[in-house]
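Working through the structure, step by step
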Amino acid sequence: MSQKRVYLFGNGKAEGNAKMREELGGKGANLAEMNLIGVPVPPGFTITTDCCNEYVMAAVKHIEVLMNSKFGDKENPLLVSVRSGARASMPGMMDTILNLGLNDEVAEGMVKKTNNPHFVYDSYRRFVQMYGDVVLEMKPVNKTDIDPFEEIIEKVKKESGVVLDKDLSVDDLKKLVVLFKAAIKERTGKDFPNDPIEQLWGAICAVFRSWMNERAILYRKMEGRDGNGIR
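Heads up: these notes are all about the structure in this document. (Residues numbered from 1 in each chain as written. Predicted model: local features only at pLDDT ≥ 70, side-chain atom pairs only at ≥ 80, totals over all residues. Heavy atoms only, no water.)

What follows is about the layout of surface pockets. Within this model, the largest pocket holds a volume of roughly 460 Å³. Contributing to the lining of the largest pocket are 16 residues, with Lys139, Pro140, Asn213, Glu214 and Arg215 lying nearest its centre. When residues of the lining of the largest pocket are traced back to their parent elements, those giving at least two are helix H4 (117–134), helix H7 (196–209) and helix H8 (214–223). Top contributing element to the lining of the largest pocket by residue count: H8, with three residues. Of the residues belonging to the lining of the largest pocket, the class tally is five nonpolar, three polar and eight charged. (1 Å grid on protein atoms, 1.4 Å probe; cavity = no way out; pocket = protein on both sides within 12 Å on 5 of 7 lines; lining within 4 Å. Points joined across faces, edges and corners; volume = space filled by probe spheres on them. Helix = DSSP H or I, 4+ residues; strand = E, 2+ residues; numbered from the N terminus. Nonpolar A, V, L, I, M, F, W, Y, C, P; charged D, E, K, R; others polar.)

This is the structure we're talking about:
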């Protein structure tokens, strides 16, 4: 018998319950339980977490084969980008994350492979900055505030006596990675994830979430588009 992948709920009945968080996720399990105890919630269905994991991981394996590299591997790492898309073009409105899969060990592996530490650590600090902004929502509080990551960059440039980002040394870039992670922890209360799979799931959720960010909502309103990205 094939594994059950979709659990139905509605009209006081549910195929799941509150104890099935591992299979249904927190919201799915709670919705099922609410039906069972008589809370009047609209009917629906929950796709299992295993199903989601299976499809995403199968896709990652496919890329690994084509690229002859492995996600999270120290010797021959695969890096990916997580990008958004809509039915209609929304240039610059939704968020993107590049170089996902980098961590301290992968970065050192890439240095050995490319013999270009400046490129590797510039990519690494940019990834931490993008992830902190998009996924962990470490953003300026209002439009007049300086970007917290740019503030750190300016401080390091001043300490190193350089004007342009491209003139930062490898040690400066490594320092930025450390300072960025520390700032993320201080400002958000969350650690920057080192596990590439955790990074991937965080990025996927954040890119979907960016559909409802202020830029995207304003753009759709100005263009006369509905919530599905079509006229």
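All right, on to the packing of aromatic side chains then. Counting across every chain of the model gives five aromatic pairs. A ring pair is formed by Tyr121 and Tyr124, whose centres lie 6.2 Å apart and whose planes are at 45°; its orientation type is tilted. One end of the pair is Tyr121 and the other is Tyr124, both in helix H4 and three residues apart, which spans about a single turn. Assessed through its relative accessible area of 0%, Tyr124 is described here as buried. An angle of 70° between the planes, with centres 5.7 Å apart, marks the rings of Phe127 and Tyr131 as edge-to-face. One end of the pair, Phe127, and the other, Tyr131, are both in helix H4, four residues apart, so they sit about a helical turn from each other. (Phe/Tyr/Trp six-rings, centres within 6.5 Å; stacked < 30°, edge-to-face > 60°. Buried < 20%, exposed > 50% of the residue type's maximum accessible area, 1.4 Å probe, protein only.)

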